Amino acid sequence: DVKVTQSSRYLVKRTGEKVFLECVQDMDHENMFWYRQDPGLGLRLIYFSYDVKMKEKGDIPEGYSVSREKKERFSLILESASTNQTSMYLCASSPDLISDTQYFGPGTRLTVL
Amino acid sequence: SQQGEEDPQALSIQEGENATMNCSYKTSINNLQWYRQNSGRGLVHLILIRSNEREKHSGRLRVTLDTSKKSSSLLITASRAADTASYFCATANPSGSGAGSYQLTFGKGTKLSVIP
């Protein structure tokens, strides 16, 4: 079974802090994704990566950056956290960008105070 | 950009009844997928139907796709309390990105409650 893990289930940070969310997948997938999920807005794509050191902006990249130094690991960085970044963050991976299936991690619920 | 839109937003049924959820979309797609999310958890892939397919089955799940109407439906037969979750459709459509041909775009979901 594909396993996607995220570093924290719950995280509380203060405004202005730098925040790192880590995601690791164990199936040698080429592609990895970061989404945020908010009530009434559904899932929105922040960034994705189709190869090591490669990244593409999604629909809402502002205020975020990403890093993919190794194939199995995709990090989401909030350079200076703000209260409007309080959300559920979901990481996913897929073997094929034509999106046959995406495999999701359990999510990180981030609260920025 | 939001592509798929699920209908209804919420659905409450008795255990043993069938549940039907619908998804409409606006532009051409490569495939359409359904996912399930239990409260506060990640999404789990249920079924994928390609644009040249009309119907697909997996256990108690049946998915149909009508590309002329740009719509899909997910039917869960003989529902169980454990089916209580949110269900999302996701469409694989051209992303416009130079790197990847397709992007998966999720709807806002249907919240299904199955009452024991």
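What counts, and where the lines are drawn
Residues numbered from 1 in each chain as written. Chains lettered and ligands numbered in written order. Predicted model: local features only at pLDDT ≥ 70, side-chain atom pairs only at ≥ 80, totals over all residues. Heavy atoms only, no water. Pairing = 2+ DSSP bridges. Helix = DSSP H or I, 4+ residues; strand = E, 2+ residues; numbered from the N terminus. Axes fitted to C-alpha atoms, helices over the stretch in contact; angles between N-to-C directions. pLDDT = per-residue confidence, 0-100. Salt bridge = Lys/Arg side-chain N within 4 Å of Asp/Glu carboxyl O. Buried < 20%, exposed > 50% of the residue type's maximum accessible area, 1.4 Å probe, protein only. Disulfide = S-S within 2.5 Å. Contact = heavy atoms within 4.5 Å. Phe/Tyr/Trp six-rings, centres within 6.5 Å; stacked < 30°, edge-to-face > 60°.

1. Re the sheet that holds strand 8 (residues 71–76) of chain B
Within a sheet, each strand pairs with its neighbour through backbone hydrogen bonds, oriented either parallel or antiparallel. Residue and element names in this part refer to chain B. In spatial order, the strands read 1-3-8-7-6; together these 5 strands make up an open sheet with antiparallel pairing. Because the sheet does not close on itself, it has two edges, and the strands there are strand 1 (5–7) and strand 6 (55–58). Taken pair by pair, the neighbouring strands of this sheet meet at an average axis angle of 20°, ignoring direction. Pairing geometry for strand 7 (residues 61–66) and strand 8, over 6 bridges, is antiparallel. Its bridge partner being in strand 8, L65 is matched across the sheet by S72.

2. Considering the confidence of the model for chain B
Confidence in the prediction of chain B, expressed as mean pLDDT, is 90, and 90% of residues score 70 or more. Ranking the elements of chain B by mean pLDDT puts strand 10 (residues 102–106) of chain B last, at 82, and strand 7 of chain B first, at 98.

3. Examining the pattern of salt bridges
All names here are of chain A. Enumeration according to the criterion identifies 11 salt bridges over all chains in this entry. A salt bridge links K18 to E79; the shortest N-O distance between them is 3.5 Å. Within this pair, whereas K18 is found in the loop between strand 2 (10–13) and strand 3 (19–25), its partner E79 is found in the loop between strand 8 (73–78) and strand 9 (87–94), the two being separated by 61 residues in sequence. Residue classification places K18 among the partly exposed residues on the basis of a relative accessible area of 44%. On the basis of relative accessible area, E79 is assigned to the partly exposed category, the value being 44%. Where D38 meets R44, a salt bridge forms, and the shortest distance between an N and an O atom there is 2.9 Å. Overall, the relative accessible area of 10% leaves D38 in the buried class. A residue is classified by how much of its surface remains accessible, and R44, at 22% relative accessible area, is partly exposed. One network of salt bridges, with partners in common, ties together D28, E30 and K71.

4. Remarks on the sheet that holds strand 7 (residues 65–70) of chain A
Residue and element names in this part refer to chain A. As summarised here, the arrangement of the 4 strands in space is 1-3-8-7, forming an open sheet in which the pairing is antiparallel. Two strands in the sheet have a free side with no partner beyond their single neighbour: strand 1 (4–6) and strand 7. For this sheet, the mean angle separating the axes of adjacent strands, direction not counted, is 20°. For strand 1 and strand 3, the ladder comprises 3 bridges, and the chain directions are antiparallel.

5. Points about the state of the cysteines
Under the definition given, this model contains 2 disulfides over all chains. Each sulfur in the disulfide pair C23 of chain A and C91 of chain A lies 1.8 Å from the other. Between C23 of chain A and C91 of chain A the disulfide shows an S-S torsion of about -75°. By sign, it is left-handed. Of this pair, C23 of chain A sits in strand 3 while C91 of chain A sits in strand 9, placing them 68 residues apart in sequence. The disulfide bridge from C23 of chain B ends at C89 of chain B, spanning 2.0 Å between sulfur atoms.

6. So, the side chain of T101 of chain A
Note that T101 of chain A resides in the loop between strand 9 and strand 10 (103–104). In this structure T101 of chain A comes out as buried when scored by relative accessible area, which is 13%. Not counting the four nearest positions on each side in its chain, T101 of chain A is found in contact with S93, S94 and P95 of chain A together with Q33, Y35 and H45 of chain B.

7. Regarding the environment of L74 of chain B
All names here are of chain B. Relative to the assigned elements, L74 resides in strand 8. Under the relative-accessibility criterion, L74 is labelled buried at 0%. Spatially, the C-alpha atom of L74 lies 5.6 Å from that of T20, the residues being 54 residues apart in sequence. Setting aside chain neighbours within four positions, we find L74 in contact with A19, T20, M21, W34, L46, L61, R62, V63 and Y87.

8. Things to note about the packing of aromatic side chains
Taken as a whole and assessed by the stated rule, the structure comprises 8 aromatic pairs over all chains. A ring pair is formed by F33 of chain A and F48 of chain A, whose centres lie 6.0 Å apart and whose planes are at 25°; its orientation type is stacked. With a gap of 15 residues between them, F33 of chain A in strand 4 (residues 31–38) and F48 of chain A in strand 5 (residues 42–51) connect regions that are remote in the sequence. Relative accessible area serves as the criterion here: at 3%, F48 of chain A is assigned to the buried category. Summarising the aromatic geometry, the rings of Y35 of chain B and F106 of chain B are spaced 5.3 Å apart at their centres and angled 55° between planes, so their arrangement reads as tilted. Placement of the pair is Y35 of chain B in strand 4 (residues 31–37) and F106 of chain B in strand 10, with a sequence separation of 71 residues. In this structure, Y35 of chain B and F106 of chain B share a single accessibility class: buried. Taken together, the ring pairs connect F33, Y35, F48 and F104 of chain A together with Y35 and F106 of chain B into an aromatic cluster.

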